[in-house]
Amino acid sequence: MNPLRHTFISRCRATANTSTTASLEPPQLRYLDIGCGGGIFAESAARLKGTRSVTAIDPSPEVLRIAEEHRRRDPALVGKGEGGGEGKLTYLGMGIEDLKGYKAGVKGADGQEGYDIVTLFEVLEHVNAPGPFLEHVLQHVKPGGWLVLSTIARTWTSWLVTNVVAEDVLGIVPKGTHEWAKYVNESELREWFAKKQGWGGNGGVQAMGVVYVPGLGWKEVNGGEAWGNYFFGIRKEG
Amino acid sequence: MPPRLPLRAQRGLLSTNTPPCRILLHRCYTSPAATATPEIYDVVCVGGGPAGLSLLAGLRASPVTSGLRVALIEGQDLAKNKLQQDASLDSFSNRCSSLTPASVKNLQEIGAWTHVNAARVQPYQEMQVWDGVSDARISFDWDSARSQLTPRRPAQPTTIAYMIENLNTTTTLLSRLAELGGVDTFSPTKVDSIELGTDTEHLDLSSWPILKLSDGKALAARLLVGADGANSPVRTFAGIPSRGFDYNRHGVVASLKLEGPGWGGPDHNIAYQRFLPTGPIAMLPLPGNMATLVWSTTLERAAKLKSLPLNDFVAMVNAGFRLSPTDLEYLHTMPSGQTEEIAWREKHTPVNERSIPMRVTDAQSGTVASFPLKMRHADTYTGERVALVGDAAHTIHPLAGQGLNQGQGDAAALVRTISHAVQTGQDIGSVLALESYNSERYAENNAMLGVCDKLHRLYSVESGPIVGLRSLGLRAVDAMGPLKGFFMGRAAGGM
């Protein structure tokens, strides 16, 4: 799944690269990974050439401890984040509500400079009130930056997969982990953002459906966003 | 994580045929805690043969992977083992390979092929293969491999493969690496030990292989590549068993001089292979009047051939393509005088000289040698922070000349896997990131190992219904152009 996240982010950035087109140097992007868990995405983003920094947050101290332990296995990731050493990765134990949001003209390490890529992977389906939660998240996206998320659509296939296959048949997910009713459909996200000023103009809305194929891993499926797991990306205009 | 080492080492001992003592010594004599802080590398390649060098050139040549910090460790002195640019064309190394167009294409893509000493490379356009017992014959060339209804395309390739000295291949790759720069090369340097790193306050290297070198340096490898040959110490370190068997055959090699440049003239060169019950005898063209021999035979006969004076050896090679298996059996038992005996017997054995290689007039002194034929296949090509390429992963019967090409294919595939991992921010040493390399190469190499092994077994039979059936098979394949094209495509590297 993780390599596909980068594939999707690259695709988003390629579709709406308006001003800085032909720069030879790789871009220096600032990432914010919300609900980073064990840090699999945060680590991979920090290893990329075009990354300036990765700030990864999660409110759970246990998972953050795992993430901190794991990053020590890679010399390229050790050291404090931005300005504090070699490493580009910073873990913060907090929820998104506690992180200071973007303010025009402010530069610095406290997050108020805003982020080029804000990621929200496999988080939305666990949230009780997606609307107010997304409002918090959006504050952190720089003008011209992207919010990229992945989640699962609320359809009969996903109901079957989550409640029967993953929990009962395979037993790979503890019972009650997912509440199918909380799932958000891609069409609902599109509608929600269509009503918001300053988001998703000029081709700044992207989606990609993915499906897990046993033996092959996660694969892209055209139109899959309508019935299962999907990526969704939206660009802040400016 | 100390238990991993002894356990894995034990497993390696039980299931491989490699002498285990060296590795055990390493483990016993080195202290568990690393004394000096190791230098951190993204890729450490052990072994500077064609596969390892091709991998490094591929990584350095691509902008995606050129940012990786890479090291090469080679026990031999790479600076000394180079082909001289002005080397005489009357003298060739006895270690030659048949490079497929697919391998050459890869060498072109990584920018190496322009450095080749082209005067010492001989493309060939035709293969003649026949059964030494029944004389059933198959000839391979691209023109007869098409179906009779399809017209010949002008762009159709005519070259089946390129004969090249292994030294020319490695020198070519070393020139390209010198041009690219950026490889920390330790040569001549031996690997004294490989063990896992330690978990300190700031850094947890407990999954990283740490290599201690004979010059006292220590390197930590995000990805350790074993390009270190059939007895690969890297494979032993990783606890990857390699299974297989010995054919109880030796391959006798020699650089030969022929009476002319071959029956096809200078622009149409032909490779010959005759299947004898003891194994195939093959003659492959080199530039000018030169050719290289690979004669797979029993250990006793190999020893006999190597002990003969050069004139008798030359007569035996000529006999190998002309006389019957019974004649050959007798000739191997003669203490001396093969030349005269063969001259007499050849008068009584009519052959169509134009369908077999031109007569050998001389063998280059010092080039008659032999090596044991084995088949080995590692259980897997990857482990945590370890990947195997070339002979470290597989050793094949040389009858189809695929060994070096498989190594080139491995190197190219591993470069692709590492590239993808870098582009998606993966740790290039993780099992997950390396998975695609293993799945891509294992099945392909396994199929090739199986085909070559079965061919060997098929042609070891001297009499009975199998001889008739295999002759029928050869003749049938020869008559069917498209099927032949399929076989040739495989031999040429999946084109």
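Residues numbered from 1 in each chain as written. Chains lettered and ligands numbered in written order. Predicted model: local features only at pLDDT ≥ 70, side-chain atom pairs only at ≥ 80, totals over all residues. Heavy atoms only, no water.

Draft legend 1. Here's a closer look at the overall build of chain B. The secondary structure content of chain B amounts to 14 helices and 20 strands. Across the 495 residues of chain B, 56% fall into the buried class. Intrachain contacts of chain B at a sequence separation of at least 6 include 76% that bridge at least 24 residues. (Helix = DSSP H or I, 4+ residues; strand = E, 2+ residues; numbered from the N terminus. Buried < 20%, exposed > 50% of the residue type's maximum accessible area, 1.4 Å probe, protein only. Contact = heavy atoms within 4.5 Å.)

Draft legend 2. Highlighting the pattern of salt bridges. Following the criterion strictly, the structure yields 30 salt bridges over all chains and no others. Within this structure, Glu43(A), Arg47(A), Asp74(A), Asp42(B), Arg222(B), Arg385(B) and Asp427(B) form a network of salt bridges that share partners. (Salt bridge = Lys/Arg side-chain N within 4 Å of Asp/Glu carboxyl O.)

Draft legend 3. View of the pairing of strand S13 (residues 270-276) of chain B. Residue and element names in this part refer to chain B. Across the 7 residues of S13, 7 count as buried, placing the element largely inside the fold. Burial along S13 is two-sided: Ile-270, Tyr-272, Arg-274 and Leu-276 and Ala-271, Gln-273 and Phe-275, pointing in opposite directions, are all buried. Taken together, the 6 bridges between strand S5 (residues 126-131) and S13 define a ladder with parallel strand orientation. Along S13, the bridge assignment pairs Trp-130 with Arg-274. (Pairing = 2+ DSSP bridges.)

Draft legend 4. View of the interface of chain B and chain A. Contacts between the two partners involve 20 residues from chain B and, on the opposite side, 13 residues from chain A. Together, the buried faces of chain B and chain A total about 1,200 Å²; carbon and sulfur atoms form 50% of this surface. Considering only the side of chain B, the residues that lose the most area to chain A are Asp204(B), Thr424(B) and Gly425(B), jointly responsible for 35% of the buried surface there. Inspection of the chain B/chain A interface yields 2 salt bridges. As a salt-bridge pair, Asp199(B) and Arg72(A) come within 2.6 Å of each other at their nearest N and O atoms. Inspection of the chain B/chain A interface yields 9 residue pairs in polar contact (both at pLDDT 80 or more). Ranked by the residues each element gives to the side of chain B that touches chain A, the list is headed by helix H11 (residues 403-423) of chain B, at 3 residues. (Buried area = accessible area lost by both parts, 1.4 Å probe. Polar contact = N/O pair within 3.5 Å; in protein donor to acceptor, adjacent residues only side chain to side chain.)

Draft legend 5. Geometry of the sheet that holds strand S7 (residues 161-165) of chain B. Residues and elements named next belong to chain B. The 3 strands are arranged S3-S7-S4 in an open sheet whose pairing can be described as antiparallel. Pairing within the sheet leaves two strands with one partner each, and these edge strands are strand S3 (96-99) and strand S4 (122-124). Averaged over all neighbouring strand pairs, the angle between strand axes comes to 25°, with direction disregarded. Across 3 bridges, the pairing between S4 and S7 is antiparallel. Within S7, the position partnered with Tyr-124 by the bridge is Ala-161. The strands that helix H5 (residues 166-180) touches are S3 and S7; relative to S7, the one it contacts most, it runs at about 85°. (Axes fitted to C-alpha atoms, helices over the stretch in contact; angles between N-to-C directions.)

Draft legend 6. Structural view of the environment of Glu109(B). Within the element layout of this structure, Glu109(B) appears in helix H4 (residues 101-109). Considered as a pair, Glu109(B) and Ser62(B) are 47 residues apart in the sequence and their alpha carbons are 9.8 Å apart.

Draft legend 7. Inspection of the nonpolar core at higher detail. Residue and element names in this part refer to chain B. Val-44, Ile-73, Leu-211, Leu-224 and Leu-414 are the most contacted members of the largest nonpolar core, which totals 65 residues. The contact partners of Val-44, leaving out residues within four places of it in the chain, are Ala-71, Ile-73, Leu-211, Leu-219, Ala-220, Ala-221, Leu-223, Leu-224 and Val-225. Judged by nonpolar contacts, the second largest core, of 32 residues, contains Met-283, Ala-291, Phe-321 and Leu-331. (Core = buried A, V, L, I, M, F, W, Y, C linked by side-chain atoms within 4.5 Å.)

Draft legend 8. Representation of helix H7 (residues 299-307) of chain B within the structure. All names here are of chain B. Every buried residue of H7 is listed here: Arg-301, Ala-302, Lys-304 and Leu-305. End-on view of H7: buried residues confined to an arc of 160°, all on one side of the axis. Facing away from the buried side of H7 by more than 90 degrees, the exposed set consists of Glu-300 and Ser-307. Along its buried surface, H7 packs onto strand S12 (242-258), strand S15 (290-298), helix H8 (310-320), helix H9 (325-333) and helix H10 (338-347). (Arc of directions from axis to C-beta.)

Draft legend 9. Representation of the confidence of the model for chain A in the model. In the predicted model, chain A carries a mean pLDDT of 83, and 80% of its residues have values of at least 70. pLDDT under 50 marks residues 81-85 of chain A. Its contacts with residues more than four places away, or in other chains, come to 10 contacts. (pLDDT = per-residue confidence, 0-100.)

Draft legend 10. Representation of the packing of helix H1 (residues 2-15) of chain A against helix H2 (residues 40-47) of chain A within the structure. Residues and elements named next belong to chain A. Viewed as axis vectors pointing N to C, H1 and H2 meet at an angle of 55°, and their least axial separation amounts to 10 Å. The angle between the axes of H1 and H2 places the two elements in the oblique class. Relative to H2, the crossing made by H1 is right-handed. From H1, Asn-2, Arg-5, His-6 and Ile-9 reach across to H2, where they touch Ile-40, Phe-41, Ser-44 and Ala-45. (Parallel < 35°, antiparallel > 145°, perpendicular 65-115°, else oblique. Left-handed = near helix turned anticlockwise from the far one by under 90°.)

Draft legend 11. Quick look at the pairing of strand S6 (residues 205-213) of chain A. All names here are of chain A. When S6 meets strand S8 (residues 229-235), the two strands line up antiparallel, connected through 6 bridges. Note that in S8 the partner of Met-208 across the bridge is Phe-231. Judged from the 5 bridges that link them, S6 and strand S7 (residues 217-221) form a sheet pairing that is antiparallel. Note that in S7 the partner of Val-213 across the bridge is Gly-217. Where S6 folds back on S7, the antiparallel hairpin that results is connected by 3 residues, among which Gly-215 adopts a positive phi of roughly 90°.

Draft legend 12. Representation of H11(B) in the model. All names here are of chain B. Across its 21 residues, H11 extends 31 Å between first and last C-alpha, which sits within 8% of the 30 Å expected from 1.5 Å per residue. Counting buried residues along H11, 16 of its 21 residues qualify, which places the element largely inside the surrounding structure. At the C-terminal side of H11, Gly-425 shows a positive phi close to 70°. (Expected span 1.5 Å × (residues − 1).)

Draft legend 13. Structural view of the packing of aromatic side chains. Evaluation of the coordinates by the stated rule reveals 14 aromatic pairs over all chains. Between Phe8(A) and Phe231(A), the aromatic rings sit 5.3 Å apart at their centres with planes inclined by 25°, giving stacked as the arrangement. Here Phe231(A) lies in strand S8 and Phe8(A) lies in helix H1, a separation of 223 residues in the sequence. Across the pair, exposure class does not vary: Phe8(A) and Phe231(A) are buried alike. Ring plane angle 45° and centroid distance 6.2 Å describe the contact between Trp130(B) and Phe321(B), whose orientation is recorded as tilted. Note that Trp130(B) is positioned in strand S5 and Phe321(B) in the loop between H8 and H9, a separation of 191 residues in sequence. Just as Trp130(B) is buried, Phe321(B) falls in that class too. Chaining the aromatic ring pairs together yields one cluster made of Phe8(A), Tyr31(A), Phe41(A), Phe121(A) and Phe231(A). (Phe/Tyr/Trp six-rings, centres within 6.5 Å; stacked < 30°, edge-to-face > 60°.)

Draft legend 14. Spotlight on unusual backbone geometry. Cis geometry marks the peptide bond from Ser187(B) to Pro188(B), where omega comes out at -5°. On the secondary structure map, Pro188(B) appears in the loop between strand S8 (183-186) and strand S9 (191-196). One non-glycine residue, Asn202(A), lies in the positive phi region at around 55°. Relative to the elements of secondary structure, Asn202(A) occurs in the loop between helix H6 (186-194) and S6. A residue is classified by how much of its surface remains accessible, and Asn202(A), at 70% relative accessible area, is exposed. Of note, Arg385(B) is a non-glycine position whose phi angle comes to about 60°, a positive value. By the element assignment, Arg385(B) lies in the loop between strand S18 (382-383) and strand S19 (386-388).

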